[in-house]
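Coordinate analysis (summary)
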Amino acid sequence: VILGFVPSASLALVPRAVAHLRRVLPDVSVTPREMMSFEQVEALNAGSLDIAVMRLPRKQQPFTMTKIWSESFMLAIPKDHLLASAEKVSVQDLNGQPMIGYSTERGGFLQEITSGFFNSAGIAPDVRYTVSQSHTIMSLVNAGLGIGLVPRSCALICMKNTVMRETVLPDALRSDLYMALGP
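Residues numbered from 1 in each chain as written. Predicted model: local features only at pLDDT ≥ 70, side-chain atom pairs only at ≥ 80, totals over all residues. Heavy atoms only, no water.

Turning our eyes to something else, we now look at the pattern of salt bridges. Tallied over the entire structure, the rule returns three salt bridges. The partner of Asp126 in a salt bridge is Arg128, and the shortest N-O contact between them spans 2.8 Å. Here Arg152 makes a salt bridge to Glu166, at a shortest N to O gap of 2.9 Å. With a gap of 14 residues between them, Arg152 in the loop between β9 (148-151) and β10 (162-167) and Glu166 in strand β10 connect regions that are remote in the sequence. According to the relative accessible area criterion, Glu166 is partly exposed, its value standing at 28%. (Salt bridge = Lys/Arg side-chain N within 4 Å of Asp/Glu carboxyl O. Helix = DSSP H or I, 4+ residues; strand = E, 2+ residues; numbered from the N terminus. Buried < 20%, exposed > 50% of the residue type's maximum accessible area, 1.4 Å probe, protein only.)

This part covers the sheet that holds β9. The strand order across the open sheet built from four strands is β6-β10-β5-β9, with neighbouring strands paired in mixed fashion. A single partner strand is all that each edge strand has here, and the edge strands are β6 (88-89) and β9. Docked against the sheet, helix α4 (residues 134-142) engages β5 (73-78), β9 and β10, running at close to 140° with respect to β9. (Pairing = 2+ DSSP bridges. Contact = heavy atoms within 4.5 Å. Axes fitted to C-alpha atoms, helices over the stretch in contact; angles between N-to-C directions.)

Take Gly47: it is sitting in the loop between α2 (37-46) and β3 (51-54). A relative accessible area of 46% means that Gly47 is categorised as partly exposed. Between the alpha carbons of Gly47 and Ala19 there is a distance of 24 Å; along the sequence they are 28 residues apart.

Residues Leu75, Ile77 and Val150 are the most contacted members of the largest nonpolar core, which totals 30 residues. Elements that contribute at least two residues to this core include exactly β5, β7 (98-102), α3 (109-121), α4, β9 and β10. Tallying contributions element by element places β5 first for this core, with five residues. When neighbours within four sequence positions are excluded, Ile77 is seen to be in contact with Leu83, Ala84, Val89, Val141, Ile147, Asn161, Thr162, Val163 and Arg165. The next biggest cluster of nonpolar side chains, apart from the first, holds 23 residues, and it includes Val14, Val18, Leu49 and Ala52. (Core = buried A, V, L, I, M, F, W, Y, C linked by side-chain atoms within 4.5 Å.)

Strand order in the open sheet made by the five strands is β2-β1-β3-β11-β4, with mixed pairing throughout. If you trace the sheet from one side to the other, it starts and ends with β2 (31-34) and β4 (66-71), each paired once. Averaged over all neighbouring strand pairs, the angle between strand axes comes to 20°, with direction disregarded. Helix-sheet contacts for helix α1 (residues 13-24) involve β1 (2-5), β2, β3, β4 and β11 (175-181), and the interaxial angle to β4 is about 135°.

Taken together, Val1, Val24, Leu25 and Val28 make up a surface patch of nonpolar side chains, about 270 Å² in accessible area. Mapping Val28 onto the fold places it in the loop between α1 and β2. (Patch = residues over 30% accessible without salt bridge, like charges linked within 9 Å, V, L, I, M, F, W, Y side chains within 5 Å. Areas by Shrake-Rupley, 256 points an atom, 1.4 Å probe, with all protein chains shown as cover.)

Below you can see the structure in the form of structure tokens.
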């Protein structure tokens with residue numbers, strides 16, 4: 001079984017899924033493959049991927065998508081930043097703050113939902129860098145280069161110079177993952 005997954009699924013979901021598959025199907029070989037969502041769509045359509053764990057594709061696809069994971073966001077903050085001492089951070093606290101954001105390169109799903117949220121809330125963080133992966137945001141935050149809004153599972157990444165804080169966000173702002181099966 002070839003299991004494709006977006007990099008952000010590697011922190012919490014994929015280890016559980018692979019362990020579950022090994023338990024219930026011990027004679028089946030599982031090959032995990034880290035892939036972006038658009039790469040998984042191509043692989044599913046080409047018949048070279050059995051299971052996909054991805055973001056919702058922009059265009060309608062010939063396969064069924066089932067939501068299997070949904071998580072809220074947390075704020076990653078350098079430990080010496082003013083907001084690091086707050087138990088909870090309000091959305092207004094993010095206005096004008098140096099931020100590491102998501103890029104549109106290699107997908108852009110998280111960029112679309114976070115920038116859409118900031119725009120609708122009237123918040124304008126000072127986006128200093130944009131990257132495509134949450135673990136890169138965590139690394140740049142750890143280097144003190146800004147704060148970052150990341151899926152809750154990123155709290156599993158323990159970085160010496162980073163603290164994770166709850167942020168008052170709307171319930172609809174979530175990082176969702178979907179499963180699709182190949183032919």
